[in-house]
Amino acid sequence: MRSVVKGTGFAVGEHLVPNSRFEKVMETSDQWIRERSGIEQRYFVADGVATSDLGVRAAKIAMEQAGVGPQDIDYVVFATMTPDHFFPGSGGILQAKLGLRNIPALDIRQQCTGFIYALQVSDALLKTKVAKNLLLIGAESHSPFMPFRSWDLVLGQVEDKEIGEEERAFGTMIRDRAVLFGDAGAAVVLRREDDESERGLIDFELHSDGSHYNKLYVPSGMAHRPYVDEAMIKRLEHVPHMDGKFVFRMAVTKMPEVTRSLLARHGYTISDVKMFIFHQANLRINEAVQQALGIPPERIYNNIQRYGNTTAATIPIAYDECRRAGKISSGDLCCFVGLGAGFHWGAALLRD
Ligand code: UT7
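Residues numbered from 1 in each chain as written. Predicted model: local features only at pLDDT ≥ 70, side-chain atom pairs only at ≥ 80, totals over all residues. Heavy atoms only, no water.

1. Here's the deal with empty space enclosed by the protein
Right, so step 1: Counting across every chain of the model gives one cavity of 30 Å³ or more.
Right, so step 2: The volume enclosed by the largest cavity comes to roughly 50 Å³.
Right, so step 3: Residue lining of the largest cavity: Val25, Pro147, Phe148, Arg149, Ser150, Glu167, Phe170 and Gly171, and that is the complete set.
Right, so step 4: Split into classes, the residues belonging to the lining of the largest cavity amount to four nonpolar, two polar and two charged. (1 Å grid on protein atoms, 1.4 Å probe; cavity = no way out; pocket = protein on both sides within 12 Å on 5 of 7 lines; lining within 4 Å. Points joined across faces, edges and corners; volume = space filled by probe spheres on them. Nonpolar A, V, L, I, M, F, W, Y, C, P; charged D, E, K, R; others polar.)

Here is the structure:
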C-alpha cells in the first residue's frame, strides 16, 4: 500500500516585487540581498488575499492534474505558519472555499518543515485507510507581517515618493527579515494505491528541538495578557524576530545529518537520488548543504531566486516545477529536506 502523488500545483501572490523596491524604504541594496541570500525577487499578495486563497488556487491546479473533483477529496492537511486568522485554521476555510464535502481538515504548524511533517501525517492517514484522496496544502502569506508604511512604493504602485528619515530607519530595523520572504501556496493530491508498484512516499525522518525556539519566533502571543499591546507593537514584537546566523548554522549542520541518516536507513547513496529538493531559505545554506553531501549540481533544484522563502510552500513549488520541466519523472527517487522555526527539521523520501 503506497501514498502516491497524483497532482501538484502552485500559485503566487499578485505583486512581483524585485529587490530594488526595498531600496526605496530601507537601507539595503539589490547586491546585498543577492549575495547574502540568492534572492532576486518575490511575490506579495494583494491586500485582502489570505493564505487559504493561495491554497485554493494551488489546489484547483493540483486537483485538475489528478483528475479529481471536490466530491473526491476526503481529507485536507494544511501546513502554514501564517493562517488567515489566529483561529480557526486555514484548512477548514479552504474546505468551504473549494466546496469540499464536510471532510476533516487539519492545520499543521511546523513552519519551514511544515510540508515534510504534513507529508508524514498524510502518509499515515492514507496507509491506515482513514483517507483515500487527500489534499495537502503548504501555503503562506508572509507580507502582512511586514510593518511597512509605504506599501505603494514596495508594490510599485507609485514610482517614487519622498519618505522621511524616520520611516527609512523603521524599514531598516526589519531589513534582515523583510527581504527574505514571499507569498505563495502549493498543493499536492495524494492517493492511496494498493497495487504492487514501487511508487509513492517511502519514509521520513523528523526531529524537533524547542530549546532554541526564541531564535526565530514572533514574541507576541498567548504567553502575554493581552497577546499584543501598543508597547509591543512599538517594539515590533508582533513581527518575526530572528537570529539569522544561528538559523544558518543550524541548517547547515542538521540538514546534511538528517539526509545521510534517512538515506542510510534504506541503503541508498547520494547517487541513487534523482533530485534533492531543499527548503528554500537561503541559497548559501543550500549550497553549503549540497557541498557537505557531495551532490552534483544537476541533482539539486533551487528556485529561491524567483520566489524568496515561502516557508511551507517552498518544497512543493520546487517539486511541481521539477515535475513539469521533466527533471523528475515517474519512478525517480526524490529527497525533500528542510529546517525551520521551532526548531523542526527533517527529510522525506519519495519515488515519483
Ligand atoms: O526558513 C528559515 C528562516 N530563516 C533563515 O533560514 C535565515 C538564515 N539566515 C540567513 O539567511 C542569513 O543569516 C541572513 C540572510 C538573514 C543574513 O545574512 P548574514 O550573512 O548572516 O548577515 P549578518 O546577519 O551577519 O549581517 C551582516 C550585516 C549586518 O550589518 P553590520 O552589523 O555588519 O553593520 C546587518 O545589519 O548586514 C546587515 N544587513 C543588511 N544589510 C543590507 C542585514 N540585513 C540587511 C539587508 N540589507 N537586507
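2. Thoughts on the packing of aromatic side chains
Right, so step 1: Counted under the stated rule, the structure contains 12 aromatic pairs.
Right, so step 2: When the ring of tyrosine 43 is compared with that of tyrosine 307, the centres are 6.1 Å apart and the planes differ by 35°; the resulting orientation is tilted. One end of the pair, tyrosine 43, is in strand β3 (residues 41-44); the other, tyrosine 307, is in helix α11 (residues 304-307), with 264 residues separating them in the sequence. In this pair, the class of tyrosine 43 matches that of tyrosine 307, namely buried.
Right, so step 3: Through a chain of ring-to-ring contacts, three or more aromatic side chains come together here, namely Phe22, Phe44, Phe148 and Trp151.
Right, so step 4: The ring centre of phenylalanine 170 lies 4.2 Å from the NZ or CZ of arginine 149, which sits over that ring.
Right, so step 5: Looking at lysine 215, its charged tip hangs above the ring of phenylalanine 246, at a distance of 5.1 Å from the centre. (Phe/Tyr/Trp six-rings, centres within 6.5 Å; stacked < 30°, edge-to-face > 60°. Helix = DSSP H or I, 4+ residues; strand = E, 2+ residues; numbered from the N terminus. Buried < 20%, exposed > 50% of the residue type's maximum accessible area, 1.4 Å probe, protein only. Lys NZ or Arg CZ within 6 Å of the ring centre and 35° of its normal.)

3. Topic: the nonpolar core
Generally speaking, nonpolar side chains in soluble globular proteins are found buried as a group.
Right, so step 1: One finds Leu119, Leu134, Leu136, Leu190, Ile277 and Phe336 to be the most contacted residues of the largest nonpolar core, which totals 33 residues.
Right, so step 2: Examining the composition of this core, we find that seven residues originate from one element, helix α4 (residues 114-127), more than from any other.
Right, so step 3: Counting the residues that make up this core, at least three belong to each of domain 1 (2-193) and domain 2 (200-351).
Right, so step 4: Contact partners of leucine 190, with chain neighbours within four places excluded, come to Ser3, Val4, Val5, Leu119, Ser122, Leu126, Lys132, Asn133, Leu134, Leu136 and Leu201.
Right, so step 5: Phe276, Ile285, Ile300 and Leu339 belong to the second-largest nonpolar core, a separate cluster that totals 27 residues. (Core = buried A, V, L, I, M, F, W, Y, C linked by side-chain atoms within 4.5 Å. Domains from an automatic or database assignment. Contact = heavy atoms within 4.5 Å.)

4. So, the sheet that holds strand β11 (residues 275-278)
Adjacent strands of a sheet pair through backbone hydrogen bonds, lying either parallel or antiparallel.
Right, so step 1: One open sheet holds the five strands; their spatial order is β8-β14-β13-β11-β12, and the pairing between them is mixed. Two strands close off the open sheet at either side, each with one partner strand: β8 (200-208) and β12 (300-301).
Right, so step 2: With eight bridges joining them, strand β13 (residues 333-340) and strand β14 (residues 344-351) adopt antiparallel strand pairing. Residue pairing for β14: leucine 339 is matched across the bridge by tryptophan 345.
Right, so step 3: With respect to the sheet, α4 is in contact with β8, β13 and β14, its orientation differing from that of β8 by roughly 130°.
Right, so step 4: Across the sheet, helix α9 (residues 244-265) is in contact with β8, β11, β13 and β14; its angle to β13 comes to roughly 145°. (Pairing = 2+ DSSP bridges. Axes fitted to C-alpha atoms, helices over the stretch in contact; angles between N-to-C directions.)

5. What about helix α2 (residues 51-66)?
Right, so step 1: End to end, α2 covers 22 Å across 16 residues, agreeing with the expected 22 Å (1.5 Å per residue, within 8%).
Right, so step 2: Looking only at α2, the buried set comprises Thr51, Ser52, Asp53, Leu54, Gly55, Val56, Ala58, Ala59, Ala62, Met63 and Ala66.
Right, so step 3: Downstream of α2 by one or two residues, glycine 67 has phi in the positive range, about 70°. (Expected span 1.5 Å × (residues − 1).)

6. Things to note about the sheet that holds strand β6 (residues 133-140)
Right, so step 1: Strand order in the open sheet formed by five strands is β1-β7-β6-β4-β5, and the pairing between neighbours is mixed. Single-partner strands in this sheet number two, and they are β1 (2-12) and β5 (105-108). Averaged over all adjacent pairs, the angle separating strand axes in this sheet is 20°, with direction ignored.
Right, so step 2: One ladder, built from five bridges, connects strand β4 (residues 75-79) with β6; its direction is parallel.

7. Topic: the site of the ligand
Right, so step 1: Surveying the vicinity of the ligand reveals 21 residues, the closest of which are Thr28, Arg36, Cys112, Lys245 and Asn282.
Right, so step 2: Arginine 175 places a main-chain nitrogen or oxygen 3.0 Å from a nitrogen atom of the ligand.
Right, so step 3: Contributing elements (two or more residues each) for the shell around the ligand: α1 (30-37), α7 (175-178), α9 and α10 (283-293).
Right, so step 4: At four residues, α9 tops the list of elements feeding residues into the shell around the ligand.
Right, so step 5: Residues belonging to the shell around the ligand are distributed by class as follows: 10 nonpolar, five polar and six charged. (Near = heavy atom within 4 Å. Polar contact = N/O pair within 3.5 Å; in protein donor to acceptor, adjacent residues only side chain to side chain.)

Read these as layout, nothing more, since geometry by itself doesn't imply function.
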